[in-house]
Each structure stands twice: as structure tokens, then as C-alpha cells.
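Topology and contacts: notes
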Amino acid sequence: MRTVTCAAPVNIAVIKYWGKRDERLILPVNDSISFTLSLDEMYSKTTVSISPTFTEDKFWLNGKEESLENPRIQNCLKEIRRRASKRKLEGSDEDVLNWHVHICSANNFPTAAGLASSAAGYACLVYALGQVYGVEGDLSSIARQGSGSACRSVHGGLVRWYKGEMEDGTDSFARPIAPANHFPNLRVIICVANDGRKKTGSTEGMRRTVQTSRLMQYRIRESVGLRIDSMMQAIKEKNWSAFCDLTIADSNEMHAVCQDSFPPCIYMSDTSHAVASLVHQYNEIQISKGNLNNKVCYTFDAGPNACLFVPGAVANEMLSLLLRTFPPSSPPNADNFIRGMKPQTLSLSKELESIADENAQSGRLKYLIHTKVGEGPRVLTEDGAHLLDPVSGLPT
Ligand code: DP6
């Protein structure tokens, strides 16, 4: 039996992937750019075992056995096996490719956060399968076939997913464009909104947008390509202020095309808008003081939770501002309100205190996740890392 366990990170797009040109191969209508988040606070973990004694392929997700019929998982598995068959498997015969596989995956962050769990999950699955079958080379184009955004979680730091031009998708892959410390000491604050509404999933939402939104045609033809160029320039020049403006503009454009779809896809809630407005007020103050490097930016995926990118120098201030503006509604939540990296002393200037008090709405946010940007997937070798027993191949 061979058993490997890996962890893969979440990524958050600053130029969004929204819309496919090929649904089956998962090919996007535009390039996208993302930041990979640190594995310290949020990750997907997957154990893959292959053995000649297994009688069928099996899959467990977050503790529950699930069907492996899902075509997206099947596509990833098929592609890994196809690549493995092209090279001689180390110290083994061809039989290994006929062995059945057991896969067990779990996220360490609550699915309630609605945060790119499929991206981390598919990146982890493909990375772990790649390790077990000894597949080398680019794994992003395989992860892409699980979930588009997953292709970017295969790398750390700032990552660009090139949409590609070919019909067979061979030139649609993700590549790292800058390391995690490119903007030094950058923090991430995810504002988990108290919003249990059922949303339209990304796959359905983007299909509807491509089919019905005229504004989407403007985004594809006129806007997002130029924004990608400007973002590449901002990254190259380490221009944080421009990076922030472009990130905010692209998130807002994505949600505008969602709103323009028929029927509209509404992902941002009143709370989302309140967080966005607070960030703009905060940035006005920084701009008025000439501290452009202290600007904060927000971006929203297909849900109400804001993801903020925050320079380390103002991370504690931003956490304090959020805590004072959106305090937890009841004391039991208070202890657990800031999760992840522990903040240092929380304090606010009089000016920020009054902004918080003017905007205060308790109970709007469930909690904050405080983390940073980070590296790509890795193999876990520490004792007890496996989710499958290395002898029985069943969940531990
Ligand atoms: C809003 O990758 O979840 O997070 O390819 O259909 O699985 P599928 O969609 P998915 O879309 C994520 C879209 C987004 C923006 C982004 O991550 O770029």
C-alpha cells in the first residue's frame, strides 16, 4: 500500500475568474490573479492510499463517505492516471495503475465560511494523487478540471491563471508571478457575515452571467483584460495603493455583472456593503494623511464574506475597527470573535473610534479570521497526519 497526506491552501482572487468559455474543460473567459493564503490557519487536507487489496475506489469528505461518481473528481483521477501511465512508476510495475484508490479529505475551516473550500479541496486532491502516482510537472491544469479556481491553489504567493486560447485547454494553467512576501508582512482578515441565505453556486451563477448579462460582454471585451495588465504593472512596481484600487474595482465589477444577470445573482448582503463602506472611510483617512501604503482592500467571492488584504502595520488597527464597528451580539461569541493569528494590543485613535461608533451594528459579523498570505501545498509527514489508516486504508 502507498499512503500520502497533503495540505493545500485557500486562494482569494484579486482579479476574479467569473465565466467559462468551455464548461466541460473548465476554461475561463478571462485571466485571473490571486493571493494564496497561509496554511497555518486554513487548509484542506487529503490522504490518498492505493493498494492491490482495495476492491473499489472510495471517497470520504469531512467524515462522510461520498460517491466518487462526480465527473469533476473522475476527470482529475483519469488525468493523473493518464500522466502516470506515461512514465515508468518508480520501483513498481504497471499494476499500480490498476489498484483501487481510497481518498479522504477534510477542511480545517468551517464550510459555513463559504470560502473557496472547493479550490483548496481540489488542489489538495490533485497534489496528493500526484505524489502517490509520482506525477511530475504542472498540476494546475489538472486541478482546474476539478474547480477552476483550484488551479491557483497549486502555487504560493501571487498566482496568475492564464485563460489560454487553445480549444483543448492545454494552455490554460496557473503560474506563480510573485512570492508570498512580495508585499512584506501582508495580513488577511476574512469577515464572516452572519448570513445563512442560500446562494446560487459559482458554477450556476457564472453560467447565468455569461448567458444573460450584457454588462458581462463589456467586462470580457473592454475591461478585465486591461485591469489584468494594470494589476501586473502594480505588482511589478510594488504599488500597493494601485493594487488595492484594482482589487476593489474588480470585485465590484464581478458583483455588478452578477446583479445584471437574469434572474440576478445577489451575493453581497447589507453587511457586505457595510464592511466595504468602512474600508473606504478608512482609506480616505489614510489618503488624507498621505499614507497610501496603509490602504486596505476588500474583495468578495460568491458570498457575503469580505476578504480584506491589510498591510501588517495597520492590521491591529483594522481588527480593532472591525471589532468596535461590528461587535459580537452576545458575550459568548466575544472570546472567539478573532480567530487565527492572535492580534497584539487593540487600540484606536479618536477619529477611528468615532467612525466605528457612527457605523456600529452589533451582531452583523459572526467572526473574523486573521491570517496572512503564504505558500503552496505540501506533503505532511508528521505523526498522526494521515486521515486513512496506513494498514487498513480506512478513515482513522
Ligand atoms: C467567485 O472555481 O468555484 O471565487 O470552476 O465552476 O468550480 P467552478 O467555479 P469556482 O469559482 C470561483 C469563483 C470566484 C472567483 C475566483 O476565485 O476567481
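Residues numbered from 1 in each chain as written. Predicted model: local features only at pLDDT ≥ 70, side-chain atom pairs only at ≥ 80, totals over all residues. Heavy atoms only, no water.

Looking now at the nonpolar core. Ranked by size, the top nonpolar core spans 66 residues in total, and within it F243, L308, F309 and M318 carry the most contacts. Inspection of this core shows a minimum of three residues originating in each of domain 1 (2-180) and domain 2 (186-372). Residues in contact with F243, not counting those within four places in the same chain, are V14, F35, L158, F183, M231, A234, I235 and C297. Grouped together as the second largest cluster of nonpolar side chains are 33 residues, L68, W99, L139 and V154 included. (Core = buried A, V, L, I, M, F, W, Y, C linked by side-chain atoms within 4.5 Å. Buried < 20%, exposed > 50% of the residue type's maximum accessible area, 1.4 Å probe, protein only. Domains from an automatic or database assignment. Contact = heavy atoms within 4.5 Å.)

On to the pattern of salt bridges, then. Applying the stated criterion across every chain yields a total of 23 salt bridges. Linking K64 and E66 is a salt bridge whose minimum nitrogen-to-oxygen distance equals 3.8 Å. Classification of E66 by relative accessible area gives partly exposed; the value is 31%. The partner of E204 in a salt bridge is R208, and the shortest N-O contact between them spans 3.6 Å. Taken together, the residues span about one helical turn, with E204 and R208 both in helix α4 (residues 202-212) at a distance of 4 residues. (Salt bridge = Lys/Arg side-chain N within 4 Å of Asp/Glu carboxyl O. Helix = DSSP H or I, 4+ residues; strand = E, 2+ residues; numbered from the N terminus.)

So, about the domain arrangement of the protein chain. Where interface size is given, it is often the accessible area lost as the parts come together that is meant. Once the domains are mapped, the protein chain shows domain 1 (2-180) and domain 2 (186-372). Summarising the inter-unit geometry, the C-alpha centres of domain 1 and domain 2 are found 27 Å apart. Counting from both sides, the interface comprises 30 residues of domain 1 and, opposite them, 42 residues of domain 2. Seen at the junction of domain 1 and domain 2, the total is 3 salt bridges. Notably, a salt bridge pairs D40 with K372, separated by 3.1 Å at the nearest N-O pair.

Next up on the list: the sheet that holds strand β6 (residues 44-51). With mixed pairing, the 6 strands of this open sheet are ordered in space as β8-β7-β9-β6-β1-β17. Of all strands in the sheet, those with a lone pairing partner are β8 (64-66) and β17 (378-379), marking the two edges. The sheet contact formed by strand β7 (residues 58-61) and β8 spans 3 bridges and is antiparallel. Bridging from a neighbouring strand, F59 pairs with E66 of β8. Strands β1 (2-8), β6, β9 (100-107) and β17 of the sheet are contacted by helix α2 (residues 117-132), whose axis makes an angle of about 30 degrees with β6. (Pairing = 2+ DSSP bridges. Axes fitted to C-alpha atoms, helices over the stretch in contact; angles between N-to-C directions.)

Centre-to-centre distance and the angle between the planes together describe a pair of aromatic rings. The tally for this structure, following the rule as stated, stands at 9 aromatic pairs. Taking the centre distance of 5.5 Å and the plane angle of 35 degrees together, the rings of F35 and F309 count as tilted. One end of the pair, F35, is in strand β5 (residues 32-36); the other, F309, is in strand β14 (residues 306-311), and 274 residues separate them in sequence. The class of F35 is buried, set by a relative accessible area of 0%. Its relative accessible area of 0% is what places F309 among the buried residues. Residues F183 and W240 carry aromatic rings whose centres are separated by 5.0 Å and whose planes lie at 65 degrees to one another, so their mutual orientation is edge-to-face. (Phe/Tyr/Trp six-rings, centres within 6.5 Å; stacked < 30°, edge-to-face > 60°.)

Bringing unusual backbone geometry into the picture now. Going from F262 to P263, the amide bond is cis rather than trans, its omega being -10 degrees. Looking at the element boundaries, P263 is found in the loop between α6 (240-259) and α7 (270-288). Backbone geometry at I26 places phi at a positive 55 degrees, although glycine is not the residue there. Take I26: it is sitting in the loop between β3 (20-22) and β4 (27-28). For I26, a relative accessible area of 2% puts it in the buried group. Within the chain, K238 stands out as a residue other than glycine whose phi angle is a positive 50 degrees.

Now for the site of the ligand. Taken together, 18 residues form the shell around the ligand, and within it Y17, K20, R72, S149 and T203 come nearest. Within the side chain of Y17, one N or O atom sits 2.6 Å away from an oxygen atom of the ligand. The element contributing the most residues to the shell around the ligand is α4, with 3 residues. Taken together, the residues of the shell around the ligand sort by class into 7 nonpolar, 6 polar and 5 charged. A domain split of the shell around the ligand shows at least three residues from each of domain 1 (2-180) and domain 2 (186-372). (Near = heavy atom within 4 Å. Polar contact = N/O pair within 3.5 Å; in protein donor to acceptor, adjacent residues only side chain to side chain. Nonpolar A, V, L, I, M, F, W, Y, C, P; charged D, E, K, R; others polar.)

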